[in-house]
Amino acid sequence: MLSKYPEDGLTHYNRGLTNYYVKNYIASIADYDACVKYKPDCAPCYFNRGLSFKELGDMAAVLRDMDLALQYKPAYTDAFRNRGNAKAMMKDYPGSIADFTTALTYTPQDTNVLLNRGLSYFFSQDLSKACLDWRSAAAHGSRKGSSLVKDNCPAP
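Residues numbered from 1 in each chain as written. Predicted model: local features only at pLDDT ≥ 70, side-chain atom pairs only at ≥ 80, totals over all residues. Heavy atoms only, no water.

## A word on helix H7 (residues 111–123)
Thinking step 1. Between its first and last C-alpha, H7 extends 18 Å over 13 residues, near the 18 Å set by a 1.5 Å rise per residue.
Thinking step 2. Taken together, the buried positions of H7 are occupied by Val-113, Leu-114, Leu-115, Arg-117, Gly-118, Ser-120 and Tyr-121.
Thinking step 3. Each element contacted by the buried residues of H7 is listed here: helix H5 (77–89), helix H6 (93–106), helix H8 (127–139) and helix H9 (143–152).
Thinking step 4. If you check the start of H7, you find a side-chain oxygen 3.0 Å away from the backbone N of Asn-112, and it comes from Asp-110.
Thinking step 5. Note on H7: the residue one or two positions beyond its end, Gln-125, has a positive phi of about 65°. (Helix = DSSP H or I, 4+ residues; strand = E, 2+ residues; numbered from the N terminus. Expected span 1.5 Å × (residues − 1). Buried < 20%, exposed > 50% of the residue type's maximum accessible area, 1.4 Å probe, protein only. Contact = heavy atoms within 4.5 Å. Polar contact = N/O pair within 3.5 Å; in protein donor to acceptor, adjacent residues only side chain to side chain.)

Okay, structure coming up:
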């Protein structure tokens with residue numbers, strides 16, 4: 001397809017997905033670079049490129065790409081979640097908490113976001129808020145939430 005339609009952003013996007021799933025992150029980044037060259041408002045292109053950068057450990061690039069994805073799709077829950085994860089990995093716990101909180105406004109029962117925001121609270125030395133999130137995750141069926149409550153939280 002690319003030999004016939006080299007300026008088709010969607011084709012670059014699809015090849016980027018394929019390269020990502022076979023763990024060829026450098027190639028997937030190149031494909032997403034081409035995608036946004038031809039389709040600069042493609043929020044999923046920036047999002048997925050950010051995921052590739054995450055696999056390579058480049059958290060600054062993850063933040064940049066999640067910001068770009070949110071520029072074109074302001075209610076992009078997954079971008080808030082992934083930007084929050086990148087900020088947590090960079091030990092920006094207040095920033096990660098803010099992003100996780102925004103993600104939860106769209107998906108309030110997302111146990112992964114509750115677990116991760118709880119961890120950011122925990123590493124910020126706010127055990128009471130961490131336990132609230134982990135208890136909420138546990139109430140929604142998260143075994144990890146139950147384990148974190150059992151291991152870290154005083155009985156209510």
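## Details of the state of the cysteines
Thinking step 1. Enumeration over the complete set of coordinates arrives at 3 disulfides.
Thinking step 2. Through a disulfide, Cys-42 is tied to Cys-45; the S-S separation comes to 2.4 Å. Its S-S torsion of approximately 70° makes the covalent link between Cys-42 and Cys-45 right-handed. The residues Cys-42 and Cys-45 share a single accessibility class, namely buried.
Thinking step 3. For Cys-131, the disulfide goes to Cys-153, at an S-S distance of 2.0 Å. Taking the sign of the torsion about the S-S bond as the criterion, the disulfide between Cys-131 and Cys-153, at about -100°, is left-handed. With a gap of 22 residues between them, Cys-131 in helix H8 and Cys-153 in the segment after H9 connect regions that are remote in the sequence.
Thinking step 4. Looking at Cys-153, the relative accessible area reads 13%, which means it is buried. (Disulfide = S-S within 2.5 Å.)

## So, the nonpolar core
Thinking step 1. With 40 residues, the main nonpolar core has Cys-45, Phe-47, Ala-69, Tyr-76, Ala-79 and Trp-134 as its most contacted residues.
Thinking step 2. At 7 residues, the largest contribution of residues to this core is made by helix H4 (residues 59–72).
Thinking step 3. With sequence-adjacent residues up to four places away left out, Ala-69 is seen in contact with Ala-43, Tyr-46, Phe-47, Tyr-76 and Ala-79. (Core = buried A, V, L, I, M, F, W, Y, C linked by side-chain atoms within 4.5 Å.)

## Digging into the packing of aromatic side chains
Thinking step 1. Across all of its chains, the model carries 9 aromatic pairs by this definition.
Thinking step 2. Measuring from centroid to centroid gives 6.4 Å for Phe-80 and Tyr-106, while their planes differ by 25°, and the two rings are stacked. One end of the pair, Phe-80, is in helix H5; the other, Tyr-106, is in helix H6, and 26 residues separate them in sequence.
Thinking step 3. With a relative accessible area of 10%, Phe-80 lands in the buried category.
Thinking step 4. Following the ring pairs from residue to residue traces out a cluster consisting of Tyr-93, Phe-122, Phe-123 and Trp-134. (Phe/Tyr/Trp six-rings, centres within 6.5 Å; stacked < 30°, edge-to-face > 60°.)

## What about the pattern of salt bridges?
Thinking step 1. All chains considered together, the criterion is met by 10 salt bridges.
Thinking step 2. Lys-87 is the salt-bridge partner of Asp-99, the closest N and O atoms lying 3.1 Å from each other. Of the two residues, Asp-99 is situated in helix H6 and Lys-87 in helix H5; the sequence distance between them amounts to 12 residues.
Thinking step 3. Of the residues examined, Asp-99 reaches a relative accessible area of 3% and is grouped as buried. (Salt bridge = Lys/Arg side-chain N within 4 Å of Asp/Glu carboxyl O.)

It is worth stressing that arrangement in space is one thing and function is another; only the former is reported here.
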